[in-house]
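Understanding the architecture of this molecule
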There are 2 protein chains.
Amino acid sequence: MYVTDSEQRRNKIFEYIVESYVTTASPVGSEFIAQKLRSSLSPATIRNIMVDLERAGFLHQPHTSAGRVPTERGMRYYVDSVMQARQLLPEQVRDLQARVLPQKAEDVDVFLARAAQILADATQEAAFVVAPTVRSGSVRQIELVPIGARRVLCVLVADDEVFASHVVEIEEPITRDETIALVRFFNTELVGLPFNDLLTSLERRLLAQTDSFYHVVKRSFEILEHALSTEPEERLYIEGTSHVLAQPEFRKQPELAERLLQAIEAEDAWLEQLRADLESGRSLVRIGSESGIPGFEPCSYLTVPLIVGGSVAGGIGILGPVRMDYPRMRSFVEAMALCVREAVGRMETS
Amino acid sequence: MYVTDSEQRRNKIFEYIVESYVTTASPVGSEFIAQKLRSSLSPATIRNIMVDLERAGFLHQPHTSAGRVPTERGMRYYVDSVMQARQLLPEQVRDLQARVLPQKAEDVDVFLARAAQILADATQEAAFVVAPTVRSGSVRQIELVPIGARRVLCVLVADDEVFASHVVEIEEPITRDETIALVRFFNTELVGLPFNDLLTSLERRLLAQTDSFYHVVKRSFEILEHALSTEPEERLYIEGTSHVLAQPEFRKQPELAERLLQAIEAEDAWLEQLRADLESGRSLVRIGSESGIPGFEPCSYLTVPLIVGGSVAGGIGILGPVRMDYPRMRSFVEAMALCVREAVGRMETS
DNA sequence: GTTTAGCACTCTTGCTAGTTGAGTGCTAAT
DNA sequence: ATTAGCACTCAACTAGCAAGAGTGCTAAAC
């Protein structure tokens, strides 16, 4: 792709504008940029270029005598075409690893929640993880542990190291032999099926009626239906929200903070969007209203999917103000994703 | 206890002051109170009484020409001696029950988190639960489910319907016979012991060396140590934080909001205090800095312990600004506690 | 043709002074 | 003991003014 000199220069100036806006949180004037360029261009020239950038929709002037502020569209352009990838320093990476890896990695859920805490602390923004649940994997093993006469603990193990257990109440008491038969059925006939299809596939067998296991299938259906109904599709953990609300944009407009917090608490809308984002299988950035979530307008987020065994199993990300340091955040979240993959990898091979 | 006429009148006026402060969030003047009293007393008299109340430390004047605001100490007095218990309307109780009871009550944790959501929604304040974990109960049953060669799912069931399961990695592969032996050991020798004493008591047996089960005890110790280390003492769920931050006191001073949010996120300090509060076994109110938690100064909370089988197993509460409607909140949280007890009761007897 | 110095112009921000009004405390009368 | 009356205080609002930041435009310089 051919880029003219003047385009290059324009991009450089735009980059400086974004970057000083990111650090100062206030409109950027031409003089300031001229200084950064060590007087290779005069403020007047920069002003001309600023007018161009404003016409292109990348900058916005709060009022006539103010500096310029990047628009949402400008930020998108910055993220896509202007900003330069940044590497973390080796010691930063080591620090992250040192805090993440030594953890007892026995429970994926707990492990990921901690990782989010560490990420939030390192970046001083909010960090989140979408933790996989068994529903996103397929059956590796299902066990039943009787508790009392009419209650059974149903243990679901997915092939991506995720597991869950739920107490199921059953109407007719279950015998020891029946339990054994059910468990055998689970671990011969159901292994490898995606948990999400489990119920429909059992239902099909039930309707067909030709099954020699009819009663076992029926009982299985009852138990698994209960067990899976308590298990959400995904689990969202978010840490460090206070860092975001401490940003000047929220200080000045507390109603924005309130709306954001409500949107985070409501969870549904965001989680749905995140699901779609992660399914793409690629890292991405959603800037301001791009996410389409009411209340998220002053915020952007980055997400990286976690890929386990070839398919997406949750993700990790950072939530901050639109005016956030994208290169820095991207390098952090990517380093963390590597860490997490490594740790999960170790869990698998062990 | 003898209460003079003038004391009674003073209390009435104080009650009105607190209550209008609660609704308006701004200092209360003498004229306003006079109107509420339907001119049975003139503003001047009320002013005299206000001076008394201020001398007693119950009221505070932001500045000479402002009305009066209850102090923290005043609020304490109000809660202890002035406010009148309020009953919820039957339909409010029914509404609460209708939203809490029909839930699948199979998992105590999930159930309590939902209850907190409902409470937050009903009160328009933040609501929290301290959910019990197995550590706070004693052993009813422990099971092992082998997963792969070197991993075992350890299922812990406490006698208060709480259960947990954790994957434990073990160095030496475990045999089928060994598993059976361990489970038998668990469910004959350990039943009834508090989970919290489990490790020390096993250690004692190990040190005594005289145990015929020596190897089983050793293996048990290893496995249970891992399983219990992942299990926290208590789990805290808080919902509806945004309701609190929407209050005018936080709107006007966003830094208070930030500090509060940080304190909630840090969790440790508050949880420790809550543990102490709940241990008393009684409902209580902590007003402002009484809680001793940095960041909680502008807030109060109410807690009610949940008693299961004679001992405290978690609790439920409401967090709001110091200027909150205590009688209303108390009636809500108490109604909810009843609901929850009923639901947990049903889980037990089933 | 691009760049830049110069300058008038605009609009926020901060400051000061004046006004308003809510609410008080005191005093003297009831 | 209560209360009407009144002077007093102080935050909150308003208006006006000055300062300053930053612009856009024009005309000269490169």
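First, a word on what this report is: a plain description of the structure on this page. (Residues numbered from 1 in each chain as written. Chains lettered and ligands numbered in written order. Predicted model: local features only at pLDDT ≥ 70, side-chain atom pairs only at ≥ 80, totals over all residues. Heavy atoms only, no water.)

1. Points about empty space enclosed by the protein
One pass over the structure, following the stated rule, counts four cavities of 30 Å³ or more. Each pocket or cavity is described by its volume, and for the largest cavity that value is around 140 Å³. Lining the largest cavity are 14 residues; nearest its centre among them are Leu245(A), Pro254(A), Ala257(A), Leu245(B) and Ala257(B). Looking at the lining of the largest cavity, the elements that each hand over two or more residues are helix H11 (248–252) and helix H12 (254–266) of chain A together with helix H11 (248–252) and helix H12 (254–266) of chain B. (1 Å grid on protein atoms, 1.4 Å probe; cavity = no way out; pocket = protein on both sides within 12 Å on 5 of 7 lines; lining within 4 Å. Points joined across faces, edges and corners; volume = space filled by probe spheres on them. Helix = DSSP H or I, 4+ residues; strand = E, 2+ residues; numbered from the N terminus.)

2. Overview of the nonpolar core
Ile142(A), Ile316(A), Tyr326(A) and Met336(A) are the most contacted members of the largest nonpolar core, which totals 91 residues. For this core, the element with the most residues is helix H14 (residues 326–349) of chain A, which contributes 12 residues. With 90 residues, the next largest nonpolar core counts Ile49(B), Met50(B), Tyr77(B) and Val333(B) among its residues. (Core = buried A, V, L, I, M, F, W, Y, C linked by side-chain atoms within 4.5 Å. Buried < 20%, exposed > 50% of the residue type's maximum accessible area, 1.4 Å probe, protein only.)

3. Section: the packing of helix H1 (residues 5–24) of chain A against helix H4 (residues 72–82) of chain A
Residues and elements named next belong to chain A. The geometry of H1 relative to H4 is characterised by a closest axis approach of 11 Å and an angle of 120° between their N-to-C directions. By the angle between their directions, the pair H1 and H4 is classed as oblique. As for the relative orientation of H1 and H4, their crossing is left-handed in sense. When H1 is examined against H4, the residues Arg-10, Asn-11, Phe-14, Glu-15, Val-18, Glu-19, Tyr-21 and Val-22 are found in contact with a partner set consisting of Gly-74, Met-75, Tyr-77, Tyr-78 and Val-82. Each residue belonging to the contact of H1 with H4 can be placed in one class, and the counts come to eight nonpolar, two polar and three charged. (Axes fitted to C-alpha atoms, helices over the stretch in contact; angles between N-to-C directions. Parallel < 35°, antiparallel > 145°, perpendicular 65-115°, else oblique. Left-handed = near helix turned anticlockwise from the far one by under 90°. Contact = heavy atoms within 4.5 Å. Nonpolar A, V, L, I, M, F, W, Y, C, P; charged D, E, K, R; others polar.)

4. Quick notes on the relation of the copies chain A and chain B
The transformation that overlays chain A on chain B combines an axial shift of 0.0 Å with a rotation of 180°, and the residual RMSD is 0.1 Å. Accordingly, the operation relating the two chain copies is best matched by a two-fold axis. (Least-squares fit on C-alpha atoms with pLDDT ≥ 70 in both.)

5. Here's the deal with the protein's contact with DNA strand C
Around DNA strand C sit 21 residues, and of these Arg9(A), Thr45(A), Thr64(A), Ser65(A) and Ser30(B) come closest. Within 4 Å of the protein, the atoms of DNA strand C are drawn from sugar and phosphate moieties in a proportion of 75%. Note that a phosphate oxygen of DNA strand C is positioned 2.5 Å from one of the side-chain N or O atoms of Thr45(A). Arg47(B) places a side-chain nitrogen or oxygen 3.1 Å from a base nitrogen of DNA strand C. Secondary-structure elements contributing two or more residues to the surface near DNA strand C are helix H3 (43–55) of chain A together with helix H3 (43–55) of chain B. Top element by residues in the surface near DNA strand C is H3(A). It accounts for four residues. Classifying every residue of the surface near DNA strand C gives five nonpolar, 12 polar and four charged. (Near = heavy atom within 4 Å. Polar contact = N/O pair within 3.5 Å; in protein donor to acceptor, adjacent residues only side chain to side chain.)

6. Remarks on the protein's contact with DNA strand D
Residues in contact with DNA strand D amount to 21 residues; listed here are only the nearest, Ser30(A), Arg68(A), Arg9(B), Thr45(B) and Thr64(B). Counting only atoms of DNA strand D within 4 Å of the protein, the fraction found in sugar and phosphate groups is 78%. The contact in question runs from a sugar or linking oxygen of DNA strand D to an N or O atom on the side chain of Thr64(B), over 3.4 Å. Elements with a contribution of two residues or more to the surface near DNA strand D: H3 of chain A together with H3 of chain B. The dominant element in the surface near DNA strand D, judged by the number of residues it contributes, is H3(B), at four residues. The residue inventory of the surface near DNA strand D, partitioned by class, reads five nonpolar, 12 polar and four charged.

7. Considering the pairing of strand S6 (residues 163–169) of chain A
Residue and element names in this part refer to chain A. With respect to burial, S6 is a largely interior element, six of its seven residues being buried. Two elements, strand S5 (residues 151–158) and S6, share seven bridges in a ladder whose sense is antiparallel. Its bridge partner being in S6, Val-157 is matched across the sheet by Phe-163. Counting the residues between successive antiparallel strands, the hairpin from S5 to S6 contains four residues, one of them, Glu-161, with a positive phi of roughly 70°. (Pairing = 2+ DSSP bridges.)

8. Considering the interface of chain A and chain B
The partner chain B presents 39 residues to the 39 residues of chain A that form the contact. Of the roughly 3500 Å² buried at the junction of chain A and chain B (both faces included), carbon and sulfur atoms supply 55%. Summed over the shared surface of chain A and chain B, the result is four salt bridges. For the interface between chain A and chain B, the tally reads 13 residue pairs in polar contact (both at pLDDT 80 or more). Contributing elements (two or more residues each) for the side of chain A that touches chain B: strand S4 (139–147), S5, S6, helix H9 (214–229), helix H10 (241–245) and H12 of chain A. (Buried area = accessible area lost by both parts, 1.4 Å probe. Salt bridge = Lys/Arg side-chain N within 4 Å of Asp/Glu carboxyl O.)

9. Some words on the sheet that holds strand S7 (residues 234–239) of chain B
Residues and elements named next belong to chain B. Across the sheet, which stays open at both edges, the five strands sit in the order S7-S3-S10-S9-S8 with antiparallel pairing between neighbours. The open sheet has two free edges, formed respectively by S7 and strand S8 (284–287), since each of these has just one partner strand. Averaged over all neighbouring strand pairs, the angle between strand axes comes to 20°, with direction disregarded. Relative to strand S10 (residues 311–321), strand S9 (residues 299–308) is paired through nine bridges, and the arrangement is antiparallel. Looking across to S10, one finds that Val-308 is bridged to Ser-311. Those strands touched by helix H13 (residues 268–279) are strand S3 (126–132), S7, S8, S9 and S10, and its axis lies near 55° from that of S9.

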